[in-house]
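This is what each chain is made of:
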Amino acid sequence: MLSTSIVSDADTRRLATASAAATRKAVFWDRIARKYAADPIADMAGYENTLRRVKDFLSGEQDVLEIGCGTGTTALRLAPFTRHLRATDVSAGMIAIARDKLAAEPALPLSFEVADAEAPGFGMGAHDVVLAFNVLHLVDDLDHALTQAVQTLRPGGLLIAKTPCISEMNPLIPYLALPLMRAIGKAPQVLCFDGEALQSALTRHGLQSVAVERHGTRGKDIRVFTVARKPA
Ligand SMILES: C[S@@+](CC[C@H](N)C(=O)[O-])C[C@H]1O[C@@H](n2cnc3c(N)ncnc32)[C@H](O)[C@@H]1O
C-alpha cells in the first residue's frame, strides 16, 4: 500500500481535477510504483552516458522542469547541476517514493509534484529546460505534451528527451506482446513512432534540433536521445 501522507494539498487539488485519461494512467503507474523503484536500471552504462550528456546542457542558472520523473532517480542525480529542478509525474505513488528519497537529501534544489504532462499548469515561459526521460511514448497525445513543454520553455530553452521508439522494435512486440500484456494490465498504453517521426513532431512544434544520439551499450538501442531548442 502506498503512503498518501506525503501527498501535498496542491497534489490533492490536482488529483481532484485530473482528466479521466490522467487518472487512468495514474492508476496503472501507482500500482507498479514500488516494483518500478525496486527494479535495477537495465543498461547502467547507457544511463550514465545519458546523464553525462544531459549535464553538458545544464547550468546552475537554469530553472528545470522534468515531466514523467517516476521515482525521482534521475532528478536526484541532476538537481545539483541546476538552480532548481521541479520534477513532476502523473502518478502520486511515484511521487510519494521520490519524496521519500528526497527526504534523505533535503538540501538539493529539487521539488516533486503530481502533474499531467499533457495538461496546462507548468507556467508560460517559466523554465529554461524541460527534461522528458522514457515518457513521451507513454502520453496519450504527443502533440499535447509537446505543446505544454514548448509553452513552459523560455525563448532559447531546451527540451531534452530520451524516448523509446517502439516502431523500431521487432513488430511482434508492439503488435502482439504489448497488446496482450495491456489486456492483462501488465503494460501501459504506448504510442508507436520511430526516431524520424519523433524528430518531425519536434520540428512541427517549432523546435530546432541540437542533438540526436543513442547512448545504449547493450544490443539494438531504440531509445533516442534528443536535444531541441525553442527559438530565441
Ligand atoms: C517508464 S517511467 C519513466 C520514469 C523516469 N522518467 C525514468 O526514466 O526512470 C514513465 C513515467 O511517466 C509517468 N507518466 C506517464 N504518463 C504521464 C503523463 N501524461 N504525465 C506525467 N507523467 C506521466 C508515469 O507515471 C511513470 O512514472
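Everything that follows concerns the structure shown earlier in this document.
Residues numbered from 1 in each chain as written. Predicted model: local features only at pLDDT ≥ 70, side-chain atom pairs only at ≥ 80, totals over all residues. Heavy atoms only, no water.

**Some thoughts on the packing of helix α6 (residues 142–152) against helix α8 (residues 195–204)**
The angle between the axes and the distance between the axes are what describe a pair of packed helices. Relative to each other, α6 and α8 sit at 45 degrees, their axes nearing to 10 Å. Judged by the inter-axis angle, α6 sits oblique to α8. Remark: the crossing between α6 and α8 carries right-handed chirality. Listed contacts from α8 to Leu142, Asp143 and Leu146 of α6 are Leu198, Ala201, Leu202 and Arg204. In terms of residue class, the contact of α6 with α8 is built from five nonpolar, no polar and two charged. (Axes fitted to C-alpha atoms, helices over the stretch in contact; angles between N-to-C directions. Helix = DSSP H or I, 4+ residues; strand = E, 2+ residues; numbered from the N terminus. Parallel < 35°, antiparallel > 145°, perpendicular 65-115°, else oblique. Left-handed = near helix turned anticlockwise from the far one by under 90°. Contact = heavy atoms within 4.5 Å. Nonpolar A, V, L, I, M, F, W, Y, C, P; charged D, E, K, R; others polar.)

**Let's talk about the sheet that holds strand β1 (residues 63–67)**
Reading across the sheet, the seven strands line up as β3-β2-β1-β4-β5-β7-β6 and stay open at both edges, with mixed pairing between neighbours. Only two strands of the sheet have a single neighbouring strand rather than two, namely β3 (110–114) and β6 (208–213). On average, adjacent strands in this sheet sit at an angle of 15 degrees to one another, irrespective of strand direction. As paired elements, strand β4 (residues 127–133) and strand β5 (residues 153–164) share six bridges and run parallel to each other. When the sheet's bridge partners are listed, Val130 is paired in β5 with Leu159. Against the sheet, helix α1 (residues 9–17) touches β2 (84–89) and β3, its axis set at about 30 degrees to β3. Running at roughly 160 degrees to β3, helix α5 (residues 92–103) makes contact with β2 and β3 of the sheet. (Pairing = 2+ DSSP bridges.)

**Focus: the environment of Glu168**
By secondary structure assignment, the location of Glu168 is in the loop between β5 and α7 (172–183). On the basis of relative accessible area, Glu168 is assigned to the buried category, the value being 15%. At 2.8 Å, the side chain of Glu168 and the backbone nitrogen of Gly195 are in polar contact. (Buried < 20%, exposed > 50% of the residue type's maximum accessible area, 1.4 Å probe, protein only. Polar contact = N/O pair within 3.5 Å; in protein donor to acceptor, adjacent residues only side chain to side chain.)

**Re the site of the ligand**
Neighbouring the ligand are 19 residues; Tyr36, Gly68, Asp89, Phe133 and Asn134 lie closest to it. Separating a nitrogen atom of the ligand from a backbone N or O atom of Gly68 is a distance of 2.7 Å. Note that an oxygen atom of the ligand is positioned 2.8 Å from one of the side-chain N or O atoms of Asn134. Protein burial of the ligand: of its 590 Å² of free accessible surface, 92% is covered by the chains. Looking at the shell around the ligand, the element that brings in the most residues is helix α2 (residues 20–38), giving three residues. Here the residues of the shell around the ligand are counted per class, giving eleven nonpolar, four polar and four charged. (Near = heavy atom within 4 Å. Areas by Shrake-Rupley, 256 points an atom, 1.4 Å probe, with all protein chains shown as cover.)

**A look at the environment of Arg229**
Following the sequence through the fold, Arg229 ends up in strand β7 (residues 223–229). Taking the C-alpha atoms as reference points, Arg229 and Val210, 19 residues apart in sequence, are found 6.7 Å from one another. Ignoring any residue separated from it by four or fewer positions in sequence, one finds Arg229 in contact with Gly156, Gly157, Leu158, Gly206, Leu207, Gln208 and Val210.

**A few points about the packing of α2 against α5**
Running from N to C, α2 and α5 cross one another at 35 degrees; their axes reach a closest spacing of 7 Å. Residues Trp29, Asp30, Ala33, Arg34, Tyr36 and Ala37 of α2 lie in contact with α5, whose contacting residues are Ala92, Gly93, Met94 and Ile97. Of the residues that constitute the contact of α2 with α5, the class distribution is seven nonpolar, one polar and two charged.

**Quick notes on the packing of aromatic side chains**
As enumerated under the stated definition, the model contains two aromatic pairs in all. Judged by centre distance (5.0 Å) and plane angle (85 degrees), the rings of Phe28 and Trp29 are edge-to-face. The pair Phe28 / Trp29 is uniform in exposure class, with both members buried. The interplanar angle of 85 degrees and the centroid separation of 6.3 Å between the aromatic rings of Trp29 and Tyr36 together place this pair among those described as edge-to-face. Taking relative accessible area as the criterion, Trp29 reaches 15% and is therefore assigned buried. Since its relative accessible area comes to 42%, Tyr36 is described here as partly exposed. (Phe/Tyr/Trp six-rings, centres within 6.5 Å; stacked < 30°, edge-to-face > 60°.)

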